[in-house]
Every structure is written in C-alpha cells, then in structure tokens.
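Chain by chain, the residues run as shown.
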Amino acid sequence: MLELSRKLSTGFPHLRTDFYIVNNKLYVGEMTFFHGTGFGKWWPEGTDEWIGTFLKIDNISK
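Rules used in this analysis
Along each chain, the written sequence defines residue order, and numbers are assigned to residues from 1. This being a predicted model, a pLDDT of at least 70 is required before a residue's local features are given, and a value of 80 or more before pairs of side-chain atoms are given or counted; all residues contribute to the totals for chains, interfaces and linings. The basis for the side-chain values is all heavy atoms of the structure; hydrogens and waters are excluded. What pLDDT expresses is the predictor's confidence in each residue, scored from 0 to 100. Counting from the N terminus, the helices are the DSSP runs of H or I reaching at least four residues and the strands are the DSSP runs of E reaching at least two. Residues enter patches when their relative accessible area tops 30% and they take part in no salt bridge; the joining distance is 9 Å for like charges and 5 Å for the nonpolar side chains Val, Leu, Ile, Met, Phe, Trp and Tyr. The Shrake-Rupley method, run with a 1.4 Å probe sphere, supplies the accessible areas, and residue values consider only the shown protein chains as cover. Basic side-chain nitrogens of Lys or Arg form a salt bridge, by our definition, when they fall within 4 Å of a carboxyl oxygen of Asp or Glu. Burial status follows relative accessibility: with a 1.4 Å probe on protein chains alone, a residue under 20% of its type maximum counts as buried, one over 50% as exposed, and anything between as partly exposed.

**Student:** Would you mind going over the confidence of the model for the protein chain in detail, with residue names and values included?
**Tutor:** When pLDDT is averaged along the protein chain, the result is 86, and 90% of the positions lie at 70 or above. Summarising per-element confidence for the protein chain, the mean pLDDT is lowest in helix H2 (residues 47-52) (87) and highest in strand E1 (residues 16-22) (94).

Right under this line is the structure:
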C-alpha cells in the first residue's frame, strides 16, 4: 500500500487515498486531493493563506 500510494501521489502536493483489502485483493477507493474537502475553517483568519505559501505548484496549466 505504501509503495502504491507513493506512485499515485506523484506530482500532487497532497493526496489521501483510501485502500481496501477484500479477499486478499487490494483495492483503491477514494482519492482526495484537499484535506477537509477544501472547506475547513482556519483560525486565526489568514492562517490558510500563510500555510498556502508553503505549497509550490508548478505544473498546473494556466
């Protein structure tokens, strides 16, 4: 699972992947690209923008 999660998350700053094992077979479930579905509340105000300065996203088309 760890090896597969590394491959799946290549190129993304954050990716949570749900895995399931059913009858000894590994299945990939949901892949989530934003923590808290992207709607989390930050306190104090402006903290989310400050944390965002640490993300470097160079390969997004404009």
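Still more ground to cover, so stick around.
**Student:** Can you lay out a nonpolar patch on the surface for me, pointing to particular residues and giving the numbers?
**Tutor:** On the surface, Met-1, Leu-4, Phe-12, Ile-21, Leu-26, Val-28, Met-31, Phe-33 and Phe-34 cluster together to form a nonpolar patch covering roughly 830 Å² of accessible area. Locating Phe-34 in the fold gives a position in the loop between strand E2 (25-32) and H2.

**Student:** Break down the pattern of salt bridges for me, with residues and values.
**Tutor:** In this structure the tally under the stated criterion is two salt bridges. The salt bridge partner of Lys-7 is Glu-3, with a shortest N-O separation of 3.4 Å. In this pair, Lys-7 and Glu-3 both sit in helix H1 (residues 2-9), four residues apart, roughly one turn of the helix. The residues Lys-7 and Glu-3 share a single accessibility class, namely exposed. For the salt bridge of Arg-16 with Asp-18, the shortest nitrogen-to-oxygen distance reads 3.3 Å. Taking the relative accessible area as the measure of exposure, Arg-16 reaches 42% and is therefore partly exposed.

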